[in-house]
Amino acid sequence: MSTPQRTSEPRKTLFVTGAAGYVGSAITALAVAEGYVVRGLSRSEKSDATITQLGGVPVRGDLASLDVLRREAATADAVISLAAPAGHDLAAVRTDEAAVAAMVQGLRDGAGDGHAGLLIATSGSLVVAPDPAGGATDEESPLWDDPINQRVACELNALRLGRESGVPVVVVRLAPFVYGRGASGVRLFMQGAAQDGRVWYVGAGDERTSTVHVEDAARLYSLLLAAARPDKLAGQVFNCTSGDYPTFRDLMAAMGEALGLPVVSLAFEEAAAACAAAMAPMFPGNPDGAATLGGLMARFRSAANVASNQKATRELGWEPKEKGILEDIRHGSYVHVAAELRKTLAL
């Protein structure tokens with residue numbers, strides 16, 4: 001692996017954790033195309049190859065490699081934190097906090113007496129409680145006091161570390177459904193449905209959820225990187241949602257149509273049990289762990305989330321341009337996914 005070096009070249013250096021992941025790959029490709037030198041944290045040879053193919057430079061390490069994170073941030077003009085620690089407990093929160101603290105310190109050290117570079121932390125719009133009346137929420141809406149995961153704690157830690165250090169930290173809240181390229185959660189749900197022989201939603205399925213195409217998400221991160229005054233972004237939060245809010249029933253109906261499978265309603269308890277059964281292989285000898293995660297997934301698949309994107313469109317000039325999630329499932333990048341899965345159904 002090469003070591004980071006300051007050069008006289010005008011190209012800016014961007015350090016990305018999660019660079020080989022789903023959202024990270026889109027961001028890395030776009031940043032390289034826009035002239036950045038992208039150095040991406042990598043945990044494996046496979047990730048090395050992905051980052052290299054995208055035009056970036058792999059840097060071996062993980063979120064526990066604090067010296068690596070600090071060093072890379074110190075030689076970067078900006079940092080994007082995408083990688084999430086494994087787990088849904090307080091240990092995962094502490095891992096994330098330590099990693100962000102190391103990168104914040106690196107940006108501070110690298111700035112010397114000048115202005116520190118921007119750190120973009122990643123959260124999710126599900127950190128906000130649903131509007132009781134079913135309306136839209138925004139970045140100022142109350143946080144959920146019973147969140148599905150630990151994103152709330154990670155977001156608050158990142159903003160606190162920015163305030164305490166003077167390093168500008170901004171948070172992007174991704175929609176629950178980031179889609180496109182025939183991948184992400186939509187693909188996983190379709191694969192699970194093919195194995196189960198049915199597509200299901202919880203209850204009436206009337207809850208609406210937020211969505212965003214992965215290419216549109218990458219462009220929002222790009223706009224933040226291009227800000228003329230990163231210090232003006234310090235402490236701000238931006239929802240990264242397309243403005244398209246399908247119901248879970250409509251979302252699952254589109255998957256059922258694509259797969260040629262029946263679409264059914266399950267009570268919450270049935271949905272949690274179905275999720276737990278599907279995840280049991282991940283928890284050998286630990287049925288309680290599977291049950292806990294199954295309950296969280298059932299909540300995810302029934303959580304109302306209508307997160308407004310007006311702040312990002314107004315203040316950053318962001319304009320989601322890609323096709324909506326239902327169209328992408330029926331006529332876009334998930335058509336070939338459905339075709340391959342239908343072959344397994346015929347066996």
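Calculation notes
- Residues numbered from 1 in each chain as written.
- Predicted model: local features only at pLDDT ≥ 70, side-chain atom pairs only at ≥ 80, totals over all residues.
- Heavy atoms only, no water.
- Pairing = 2+ DSSP bridges.
- Helix = DSSP H or I, 4+ residues; strand = E, 2+ residues; numbered from the N terminus.
- Axes fitted to C-alpha atoms, helices over the stretch in contact; angles between N-to-C directions.
- Contact = heavy atoms within 4.5 Å.
- Salt bridge = Lys/Arg side-chain N within 4 Å of Asp/Glu carboxyl O.
- Buried < 20%, exposed > 50% of the residue type's maximum accessible area, 1.4 Å probe, protein only.
- Parallel < 35°, antiparallel > 145°, perpendicular 65-115°, else oblique.
- Left-handed = near helix turned anticlockwise from the far one by under 90°.
- Nonpolar A, V, L, I, M, F, W, Y, C, P; charged D, E, K, R; others polar.
- Polar contact = N/O pair within 3.5 Å; in protein donor to acceptor, adjacent residues only side chain to side chain.

J.: Break down the sheet that holds strand β6 (residues 169-174) for me, citing the residues and quoting the values.
T.: As summarised here, the arrangement of the seven strands in space is β3-β2-β1-β4-β5-β6-β10, forming an open sheet in which the pairing is parallel. Two strands bound the open sheet, and with one partner strand each, they are β3 (57-60) and β10 (237-240). Averaged over all adjacent pairs, the angle separating strand axes in this sheet is 25°, with direction ignored. By the bridge criterion, four bridges tie strand β1 (residues 13-17) to strand β2 (residues 37-42) in an arrangement that is parallel. Of the residues in β2, the one forming a bridge with Phe15 is Arg39. Strand contacts of helix α1 (residues 22-33): β1, β2, β4 (78-81) and β6, with the helix running at about 160° to β2, the strand carrying the most contacts.

J.: Quick rundown of the pattern of salt bridges? Include the residues and the values.
T.: The full count for this structure, using the stated rule, is 17 salt bridges. When the shortest N-O distance is used, the salt bridge between Arg70 and Asp67 registers 2.9 Å. Here Asp67 and Arg70 lie together in helix α3 (residues 66-74), a separation of three residues that amounts to about one turn. Since its relative accessible area comes to 29%, Arg70 is described here as partly exposed. Take Asp67: its relative accessible area is 57%, and that puts it in the exposed class. What emerges from the salt-bridge pattern is a single network uniting Arg39, Arg71 and Glu72.

J.: Lay out the packing of helix α6 (residues 184-196) against helix α8 (residues 248-259) with the relevant residues and their values.
T.: Running from N to C, α6 and α8 point in directions that differ by 60°, and their axes come no closer than 11 Å. As the angle between them shows, α6 and α8 are arranged oblique. Handedness of the α6/α8 crossing: right-handed. Of α8, the residues touching α6 (which contributes Val186, Phe189, Met190 and Ala193) are Met252, Met255, Ala258 and Leu259. Residue classes in the contact of α6 with α8 are distributed as eight nonpolar, no polar and no charged.

J.: Break down the side chain of Thr28 for me, with residues and values.
T.: Note that Thr28 resides in helix α1. Of note is the side chain of Thr28, whose polar atom sits 3.5 Å from the backbone oxygen of Ala19. When sequence neighbours within four positions are dropped, the list of residues in contact with Thr28 reads Ala19, Val38 and Leu54.

J.: Describe the pairing of strand β8 (residues 199-202), with residues and values.
T.: The alternating pattern of β8 places Val199 and Tyr201 on one face and Trp200 and Val202 on the opposite face, and all of these are buried. In this structure, β8 lies alongside strand β11 (residues 263-266), joined through four bridges in parallel fashion. Bridging from a neighbouring strand, Tyr201 pairs with Ser265 of β11.

Structural measurements only, silent on function.
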